[in-house]
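Spelled out, the chains give:
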Amino acid sequence: QELDLYIPSAQEELYNWVNGPNRQFEAAFRIIQSGEWGEYDGFYLMEGDSVPIKAHWLDVVLSEIEVNRPFAILGAQYDGDKWDNFYEKIPISLLHHTNGNAIYNTSHPLLERLVGQLEVEAPCPYNSIPYDYRMSQMWVEGTLGIVPKLAPKIMLNEEGENITLSNNTDMFNKWAEIWEEEDPFKYTPVIHNYAATNLIPRHLGPEYIIHGAKLYSPWDPTKTEVTLVVSEWFFDRSLHLIEHLDDKDHPFSEVVVMVPPAAAAHDDYDLMTEVPVRTQHRGAPDFMDLCEADIKTDWFMITNSYHHVARHVDLMFTPGTFKPVIPFTPATYAFCFKYPYCKETVSLAQRFNPGHDKVVQDMDMLYNTEMRNAFCKEWKEQNGDEGELMYKHQQRRLMFRKKIIGPPGPTGTSYYAWLVREGKDGMYKLTDRSLYGARPPFVKIFAKEEKLDGMSEDELAKRIGMTLLDNSTDCNCMEFETETDCEDSGIGCIWRPLFESCHPPELIDGSAPICPTTEAPTSAPTVSMDGIFDETDSPTSSPVEPEPEKDPWYVSVFKSRESEKDRSNSFNEANGGSMQSPDDDEILGSEKASRARRAMLKKSKSFEAVDLQANERLSASPDNLHEEYL
């Protein structure tokens, strides 16, 4: 039992957390090599989640073997797109590693050496790396001289002292000198490794075998009509979205543009798009658009005028039952609670469903209109028609913090929490975006403008004047929606044909990214442009604090799944149980604690929250990197 270990949750502490798969691979290699099962020169390691999708797949695999001889390993790299948001931060050895589902040539001398090294490393910290990734690390160390970094805790012995590993670079370099020109690691389009990526049929290409994909049904216009709600303010930026709507692959049968009471309504939308568009003047604050939008269809989505519709809005549904597939972020410290805005979002959702542990971004949710109406009715009864009662029991908290760091109105997270309490959540299929990724249906294109719109006239004049009000955007490969624009970006962006998307280039480990980290779409301002602008209020003035320092991206590289029990435990440990409290005054505790807080407040004004952006509060960071490697 000590040998047969696979404990992804212990990957940062236990050097042999993946010992079972590593030893199993070595044993398979040796028994085929020995001839005990017959005279073979190789084998195809095909895991249970590898699915043939075309006839004669085995014949094609055999032909690929003949075409690609000689090779040590013939297989596939990761072919999905869920890494694109942080592509530049991924080590070269991980980007180019051949997934374990591959053809192994047991007669090749390089593979003999690689497997022999795996056996030598079994009792040392390098055993904490899955065998397929570890062989890639050896080859990259030999060809590029990049020595991999291991988790700090794994590099400690039982006495807590640092372990010194032997230097194998020279040995790996000699292997590279002998076999590099032969190109011993080869890739075949016959096998595609998607490793826990959600797909619909349009994402499939020339492959005969897919590994690790979650295949769902695409949107069917005969079954589901969807309205798009666009929150607009005073600058008609929604016109960009509307004018380009017909160029996009989207499900929207109508668009409702929510505008301030004093804003003029357009009567020429029909000249911009074939999709019916109507204007609705707000009778409540903009953060109530989710509840106030007049929807005629059974389903709707919401965005704002700082975004446009993605080239492909890949709504996914379960086959047969046709339930919408909605991504969520686990409400754990790593993904949520270290961000004050996210923590408050979950706390508010717990007013409907104590113990709620899933965060659903507003722009990811496909809202059911009937359920929205019932949810909003109760939300207003609890919080007031304009949210004025949201924090009525938390006056002392407000005295201390000055501002509550959280959403001012209803959210997709609270909507789903209400559904869970009502037993209606079965109408959706939720999928963990930290494991399976998520494709944003909307792309932010007016990042700087969103910040400027949050400034007062005095702030605007003081900081930059009126000369910079152009429609420039952040450096972001994902904004390029055609192959030509992507390849001509000037910043090295690479086109991904299967997904018709653009992603950043790979970088040598430790190099500076060409672009800032791409964040998930939100309703609030983005990061400041090149340090020019200070943080400003959003159009709805959502208050937040500066984002804490993020954990290293590699913290969760191999966590391919977390059980609900583990997530619940993490949730409770982070919060001491439910975050919901009838009165936040209870949190303040003893008079001693109150005196300490008063002293701290007197000492510094730094406790007054400053406004940050929502995508800094709940970011799609490399913490979300997960893949089933084995």
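Let us look at the structure shown here. (Residues numbered from 1 in each chain as written. Predicted model: local features only at pLDDT ≥ 70, side-chain atom pairs only at ≥ 80, totals over all residues. Heavy atoms only, no water.)

All right, on to the pattern of salt bridges then. Where side chains of opposite charge bring their charged atoms close, a pairing between them can arise. Tallying each qualifying case throughout the model produces 22 salt bridges. For the salt bridge of Lys-296 with Asp-294, the shortest nitrogen-to-oxygen distance reads 3.1 Å. On the basis of relative accessibility, which here comes to 58%, the residue Lys-296 falls in the exposed class. Asp-294 gets classed as partly exposed once you look at its relative accessible area, which sits at 32%. Here Arg-433 and Asp-364 are joined by a salt bridge, their closest N and O atoms 2.5 Å apart. Placement of Arg-433 in helix α14 (residues 433–436) and of Asp-364 in the loop between β16 (358–359) and β17 (367–368) is noted, with a sequence separation of 69 residues between them. A relative accessible area of 8% places Asp-364 in the buried class. (Salt bridge = Lys/Arg side-chain N within 4 Å of Asp/Glu carboxyl O. Buried < 20%, exposed > 50% of the residue type's maximum accessible area, 1.4 Å probe, protein only. Helix = DSSP H or I, 4+ residues; strand = E, 2+ residues; numbered from the N terminus.)

This paragraph deals with the state of the cysteines. Under the counting rule described, the total for this entry stands at four disulfides. Across a sulfur-sulfur distance of 2.1 Å, Cys-336 and Cys-342 are joined as a disulfide pair. Residues Cys-336 and Cys-342 are joined through a disulfide that is left-handed, its torsion about the S-S bond being -110°. Here Cys-336 matches Cys-342 in class, with each residue buried. Across the disulfide, Cys-486 is cross-linked to Cys-502 (sulfur-sulfur distance 2.1 Å). Measuring the twist about the S-S bond at about 80°, one finds the Cys-486-Cys-502 disulfide to be right-handed. (Disulfide = S-S within 2.5 Å.)

Before going further, it helps to spend a moment on the sheet that holds β17. Pairing is mixed across the open sheet formed by five strands, whose spatial order is β11-β10-β9-β12-β17. The open sheet has two edge strands with one neighbour each: β11 (277–281) and β17. Of the strand pairs in this sheet, strand β10 (residues 252–259) and β11 are connected by five bridges, and their pairing is parallel. Bridge pairing links Val-256 to Arg-278 in β11. (Pairing = 2+ DSSP bridges.)

The next thing to look at is the environment of Asp-453. Mapped onto the elements, Asp-453 comes out in helix α15 (residues 447–453). Under the relative-accessibility criterion, Asp-453 is labelled partly exposed at 22%. When sequence neighbours within four positions are dropped, the list of residues in contact with Asp-453 reads Phe-235, Arg-237 and Tyr-306. (Contact = heavy atoms within 4.5 Å.)

With respect to the secondary-structure elements, Thr-169 resides in helix α6 (residues 169–179). Beyond its immediate chain neighbours, meaning those up to four positions away, Thr-169 contacts Glu-141 and Val-147.

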